[in-house]
Amino acid sequence: AMHYALKYPEKVKGVIVADIAPYDYWNDSEYLRARNMKRMMKRLLELDLDKMSYDEIVKNIRSIVKSPEMAFSMQASLKKKPEGGYKWEFNLQAIYENYEKSIMGDMFQEFPIEPEKYSGPRRIISGANSIHVTERVFHSYSRVFSNFDINRELVRIPECGHLCHFEKPSEFALEVLNLLKEIEQ
């Protein structure tokens, strides 16, 4: 969303950023978790969801995924197949195969450092307990957004981690609605 807003500001009425910053997490030793995601996905793909019980799958997810909120999200993404067994509700194989070049590439590529910055309405919504949006990365938003006001444009949802839309959907939706109201004015 941030790249799109920079490239096509005339097409964007507002930007919502959910718990990520235009920061190079990949090359920061404090954020080794980003590098471990691909290994975690590989291990999840190795689970034989057709031959395991639901409880066995959940036990394996919890041993592979160390983050309780992400483990819960993965568990909630299991769907029973009519013919028996389970499957992921989303295409985990495609995410795994495209993680570095697409997902990680988009997130961590250099943002332009030039006078043209997005100046329209925006809201950064983050979990207060998230490791992704901390004081360490606050400065990076000014690379994308002109006159970025952290006190007005960054919303930290209390008792919430990285998956703020999943962990606190009502609070997340309220912030989205607040931005939409701001855009309509």
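Residues numbered from 1 in each chain as written. Predicted model: local features only at pLDDT ≥ 70, side-chain atom pairs only at ≥ 80, totals over all residues. Heavy atoms only, no water.

## Structural notes on the side chain of Ser130
- With respect to the element layout, Ser130 can be found in the loop between strand 4 (122-127) and helix 6 (150-153).
- Taking relative accessible area as the criterion, Ser130 reaches 6% and is therefore assigned buried.
- Within the structure, the side chain of Ser130 is placed 2.5 Å from the side chain of Asp19, a separation counted as a polar contact.
- A polar contact of 3.0 Å, which involves the side chain of Ser130, links it to the backbone nitrogen of His132.
- The contact partners of Ser130, leaving out residues within four places of it in the chain, are Asp19, Arg156, Cys160, Gly161 and His162. (Helix = DSSP H or I, 4+ residues; strand = E, 2+ residues; numbered from the N terminus. Buried < 20%, exposed > 50% of the residue type's maximum accessible area, 1.4 Å probe, protein only. Polar contact = N/O pair within 3.5 Å; in protein donor to acceptor, adjacent residues only side chain to side chain. Contact = heavy atoms within 4.5 Å.)

## Points about the pairing of strand 4
- Within strand 4, six of the six residues are buried, leaving the element largely enclosed by the surrounding structure.
- In this sheet, strand 5 (residues 154-157) lies alongside strand 4 in parallel orientation, the contact comprising four bridges. In the strand pairing of strand 5, Ser126 is matched with Arg156. (Pairing = 2+ DSSP bridges.)

## Thoughts on the packing of helix 3 (residues 54-64) against helix 4 (residues 68-76)
- At a minimum axis separation of 9 Å, helix 3 and helix 4 run at an interaxial angle of 150°. The angle between helix 3 and helix 4 falls in the class roughly antiparallel. Pair helix 3 / helix 4 crosses with right-handed handedness. Facing helix 3, whose interface residues are Tyr54, Val58, Ile61 and Arg62, helix 4 presents Ala71, Met74 and Gln75.
- Here the contact of helix 3 with helix 4 is built from residues that sort into five nonpolar, one polar and one charged. (Axes fitted to C-alpha atoms, helices over the stretch in contact; angles between N-to-C directions. Parallel < 35°, antiparallel > 145°, perpendicular 65-115°, else oblique. Left-handed = near helix turned anticlockwise from the far one by under 90°. Nonpolar A, V, L, I, M, F, W, Y, C, P; charged D, E, K, R; others polar.)

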